[in-house]
Structure formats: C-alpha cells, structure tokens
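# Structural overview
Spelled out from the first residue to the last, the chains are:
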Amino acid sequence: MAALCRVRHRWKRTNCIKLLTRNLTGTFDYDLVVIGGGSGGLACSKEAAQLGQKVAVLDYVEPSVKGTKWGIGGTCVNVGCIPKKLMHQAALLGTALKDAQKYGWQIPGPISHNWSTMAEAVQNHVRSLNWGHRVQLQDKEVKYLNIKGSLVDEHTVKGLTRTGKEIPGAVEHGITSDDIFWLKESPGKTLVVGASYVALECAGFLTGIGLDTTVMVRSIPLRGFDQQMAGLVTDYMEAYGTKFSWRSVPKSVDKLASGALQVTWTDKQTGKDQRDTFDSVLWAVGRAPETKTLSLEKVGVKLNEESGKILVAADESTSVPNIYAFGDIGEGRPELTPTAIKAGKLLARRLAGQTNELMNYDNVATTVFTPLEYGCVGLSEEEAESRHGKDSIEVYHAFYKPLEFTVAERDASQCYIKVVCKRGGDQRILGLHFTGPNAGEVTQGFAMGFQCGATLTHLMETVGIHPTCAEELTKVNVSKRSGLDATVTGC
Amino acid sequence: MSHYEEVKVHGYDEFSKAVSERKGKDIFAYFSGDKDAQGLSWCPDCVKGNIIILLRGEMFHLPEGSVFFYCQVGESWKDPNNEFKKTLKLSGVPTLIRYGTPQKLVEEECFKADLVRMMFTED
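Notes on the structure in this doc start here. Note that the structure is predicted; figures quoted are calculated from it, not measured. (Residues numbered from 1 in each chain as written. Chains lettered and ligands numbered in written order. Predicted model: local features only at pLDDT ≥ 70, side-chain atom pairs only at ≥ 80, totals over all residues. Heavy atoms only, no water.)

### Things to note about the packing of helix α1 (residues 39-50) of chain A against helix α9 (residues 337-351) of chain A
Residues and elements named next belong to chain A. For the pair α1 and α9, the least separation of the axes is 7 Å and the interaxial angle reads 30 degrees. If you check the angle between α1 and α9, you find them roughly parallel. Seen from above, α1 lies across α9 with right-handed handedness. Every residue of α9 that contacts α1 at S39, G40, A43, C44, E47 and A48 is listed here: T337, A340, I341, G344, K345, A348 and R349. In terms of residue class, the contact of α1 with α9 is built from six nonpolar, four polar and three charged. (Axes fitted to C-alpha atoms, helices over the stretch in contact; angles between N-to-C directions. Helix = DSSP H or I, 4+ residues; strand = E, 2+ residues; numbered from the N terminus. Parallel < 35°, antiparallel > 145°, perpendicular 65-115°, else oblique. Left-handed = near helix turned anticlockwise from the far one by under 90°. Contact = heavy atoms within 4.5 Å. Nonpolar A, V, L, I, M, F, W, Y, C, P; charged D, E, K, R; others polar.)

Written as structure tokens, this is what we have:
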C-alpha cells in the first residue's frame, strides 16, 4: 500500500522512538514520502526521484504469527505474484514430466518432488529482487527507511518501533500465504480455507507437487469472477486431485499430541460436523489493509468502514489534500501489481507537473494461475447481463482441445472460450474469457484489442496462428442462444 | 588488527578452496582481472587506483568476523565456460559479491561508495 504526502521532518532520537518533527524554518525535508515499498510505492518513488523530487520510502514488514518476514518489494515480490508463479511453474513441470513419457522420453523410476529444493530456489530469487530494489533506490537517491510509518499530521510522518499485533481466530495453528512461500520444509497434507484466487492458486500448486490438498469453500469460488469460468477452474482442479469441501465452514482447529492439526467443520448442507487431520492449515480468507497504525483517522483520511481501505478519487487523492493512496489500499481498486505501478508512475508525473493523465482502471486484463489457467478481460457474463440486459448481449463460446493434450492423453473438458458481445451491429466485445494453458500469454494480446474497442467483426477478421490455443478465439462462432454444440471439431 | 580477515587468491580453485575452509563465515569477494608486475591489467577498471581506495575506505563497515577476498580471475577467464561464469554466475569484472546471497555489485556499481557500503552493512 502507499499513502503519500509532502512532509517535513527532522530526525530526533527519544527513547528509541524516532520522531520526525517540524523544521522551524518551514521548509519541507522531503517533497514526497511514500509509505509502503510495494509495487505501487516503489514505482512512484523511483519515478518521482527521476523527475527531480526529494523522496523517501518507508517499508516495514510486521512478522506473521509464524514469524515470517521479508525484504522490500511488497506483497507481489515476496508473498504474491513472483513466488506464486514460480511454484505454479514447479507444479506445471510435474505435469509436463508425466506427459513427457507419452512423447517418448524415458524417465526411469517414479518422479518425486523436493519442497526444500524448490523453496530455496524461489526464496533466493525473491532475495535477489529485494537486493535489486535496494540498489535501484540507492542509485536513484530515494531514501529508504525500514520503519513502520505513522502520520502525525498531514505533513509529518513518524516512525514506530513497536506495534500491536492482531491474531484473529485459529490463526495460531495455521499459516497464510505470507508464510507458505517461506517454509523451509514441506507443508505436507494441507487444508486451504478459502476460495479466492489466492486459495485456489496455492491449492493448485500444492496438489501439483504431489501434496494431499483440500480446499474448504464457504459459498462460491472466485467471487467477482465469471462464475461459469470459476466452475471450470474448480472442476479441473477436482479432476486433477485437489479435494473440495463445498459449503463448509471451519469450526475449530486443535493441535494434537502428534503435532498434526485436527480441523472440525460444519457442512452447511447437512448441518453435520465433520473432522479430519492435516499437517498444515492455510488460511486464505482475504488480505486486510495494514492501516491501524497509520493514524489515518487522526489526520482526517476517510476510510471505507467495512473494508478498512482508503477512499480515493480518480486522481488517487484522499479526503486530505496532500495525501494520496494507490495500490491495494485504495477502495474499489483492483488488487493488481500492474495497476499499482502505472497509477504510481502517473501520480508522480502529475505531482511533478509533467502530465494531467489519470490512471485508466477499465479494461484491465488478469489471469488466475490455477492448474488450468484462466485469463480474462472486461465483463463477466453476469455483469454484462446485469448492465445491458440478457436480450442485448450475445455470448459466443467454444470448447476446444489444446493439440499438446492429444498425445499426452489429457482431458480437456474444461478448456473453454467465451466472448461476451453487445448484440447488434459489429457486436462490440464486452468481455473475453479463456481457460487453458498459458492463459496469461494468450489474454495479453487480446487485451490490447479490447482496449481499442474490438468488436466480434474484428475478431472474425483476424486470421489465427496455427496450431495454437489462442487461434480458437478468432474462430468463435457458436452462440449460447443458438443452443448448438460448441465443441470445436477438427482442423 | 582489523575486525575482518583479508585473503588474496588467484584463480577459481584457490578461491573455492579458501572459501570451503571458512564455512559459516560472512564472505565478501571482489573479482578482478589479473594484474601484472607493473600493476596493469587487461581490465583497467578492475585495478584503477580509485576503486581500490574506495574498497579500502568502505572495509571499515564490514561486519565483525567477516572475510574479504581479493580474487584475480586468472587466464581461465578467456574461456567462456570458465568456472567463475558457470558456478558463480559472474557476468563480468569487476564484480563484488556477498558469497551465498543474491547481493552483488557489477562493474560501474562497484565504483559507488554508497552501494558498496550498503552491501557491507545490509543484514
């Protein structure tokens, strides 16, 4: 997260609490102070420094209950995108090894996975990114402070050395995504509580590397995403060995003498309690904003009561004139690295008077890196229906089979494409959805077309690259309304 | 008597042996092109007077009990598959590394006293 302001400060040491107090001459010590050294904060501070501003960035990682800590770079670098994609790749390679035998590779003996080897390699890469950021900040003359920032007034930031920790529920026996990427030893048989993309992605790679994994879902998977696509994602995971406990709510977690964790949960459908033991319980029920110690209310920065996130305007400004917020911390903003980075850079440029351009949060493409990846841009079918009315939209779809799955004898039942269009005329594309291998790579190019206002006509006029999965998007022609079979046949 | 150990080595085998004899220690290493008797090198930057002065100036910041290697890479550097490139992943000289960590400074970065100090003092 990053809330920033023009501050004045002077270092003063009083009983180990560093106080950044007012400078009596009335000048500012920094043009910009960024609280939060994540995707948004780093991009903004480096850009501002390059534009000649005097910048400081504060980044502090409160250790998790398990004691996990990490370096600069924020969620994405340390406990999000980067380690996630690497572990997802580890799992995909496991599948590739199995497929390889069908393609003629002689692989002697059973294939097993060593968690420690993977974890060390992933953690080393993350550390090299931490170092890279440190060198860049130093090089660009951005002052980096490894302290927890708190607002004294709208122009003054102080550093805290002690902060209160909140430990909700049964977290003392569980871990979160903050910990999973930093474990030195395998988590073993794991229960993942939650059905967000974090939960599904983690459960996905844990299954992929051979661990007994169960996902506990209270209601629906991937809330906010197209639900038909979410169903395909979870269907694939179930077919590939991830267990799902649907409509279940955890009741208690007890540590047994053996060290194993016994979880009791309520099956909401039957009303009955169930019980099972696991080596690890991974809570993936949402990431809360770390704003308690910022003293935002004291300074007058308004929050959304329910989410605890900061209310922001289109230019990232808050209710306090010189304080801005962007990245995950902004209410209603996508929790994505690329939007945080772009918003941070544009803000730095606007503050330096270089541009008036605002961040465009529309048409942002994204991908869920579950075992069967899901990429999308634009509206879900439900959202398109609700905004335009079912009769005003046309949904084209196709079930396709990646060529590589054929020899590997892999089931492609969930490989699917859906293009949601405005009915009539050239049929403007409202949303594009793809499940299949390399979904991120496939979706990125189409996202540009979407940004340019692509229509179904444009899509049909585009010649596909053969043989690929992406080309199936250019060939889509069966509408849901027609009721015809949407399975792609032959070449 | 300084708070760190300084070791001069030549070539990969010597380096690797000296490192294995100092297991568990915080090891820093500066890799340079070879110097001849006149102090000249095929890598003039590596032996430039101010870089040595710069390093000496920052060594005060080295952690207690650490080891600082001054390693001349030797003739083997001409071979594109040499051990330094393969095993230590060195892309060029001069390079300053903190052994066993991803922390490294390459070429021009070695000439910045603040970056060198950052590496020596980082946890």
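Back to the write-up after that little detour.
### With respect to the environment of B:K104
In this structure, B:K104 sits in strand β5 (residues 104-106). In this structure the C-alpha to C-alpha distance between B:K104 and B:L115, which are eleven residues apart in sequence, comes to 9.7 Å. Discounting chain neighbours no more than four positions away, the residues touching B:K104 are A:W131, B:K89, B:L96, B:I97, B:E109 and B:M119. A distance of 3.4 Å separates a polar side-chain atom of B:K104 from the backbone oxygen of B:K89. (Polar contact = N/O pair within 3.5 Å; in protein donor to acceptor, adjacent residues only side chain to side chain.)

### Section: the pattern of salt bridges
All names here are of chain A. One pass over the structure, following the stated rule, counts 31 salt bridges over all chains. In this structure, K148 and E290 form a salt bridge, with 2.5 Å as the shortest nitrogen-oxygen distance. Here K148 is found in strand β7 (residues 148-153), whereas its partner E290 is found in the loop between β16 (280-283) and α8 (296-299), with 142 residues between them in sequence. Given the relative accessible area of 43%, E290 is considered partly exposed. With a closest N to O distance of 2.8 Å, K251 and D273 form a salt bridge. Placement of the pair is K251 in strand β13 (residues 248-255) and D273 in strand β15 (residues 273-278), with a sequence separation of 22 residues. Judged by its relative accessible area of 39%, D273 is partly exposed. (Salt bridge = Lys/Arg side-chain N within 4 Å of Asp/Glu carboxyl O. Buried < 20%, exposed > 50% of the residue type's maximum accessible area, 1.4 Å probe, protein only.)

### Points about the sheet that holds β5(B)
Residue and element names in this part refer to chain B. One open sheet holds the five strands; their spatial order is β1-β3-β2-β4-β5, and the pairing between them is mixed. On the outer flanks of this sheet lie β1 (5-10) and β5, each paired with one strand and no other. Along the sheet, successive strands turn relative to each other by an average axial angle of 15 degrees, direction set aside. Relative to strand β3 (residues 67-72), β1 runs parallel, the two being bridged by six bridges. (Pairing = 2+ DSSP bridges.)

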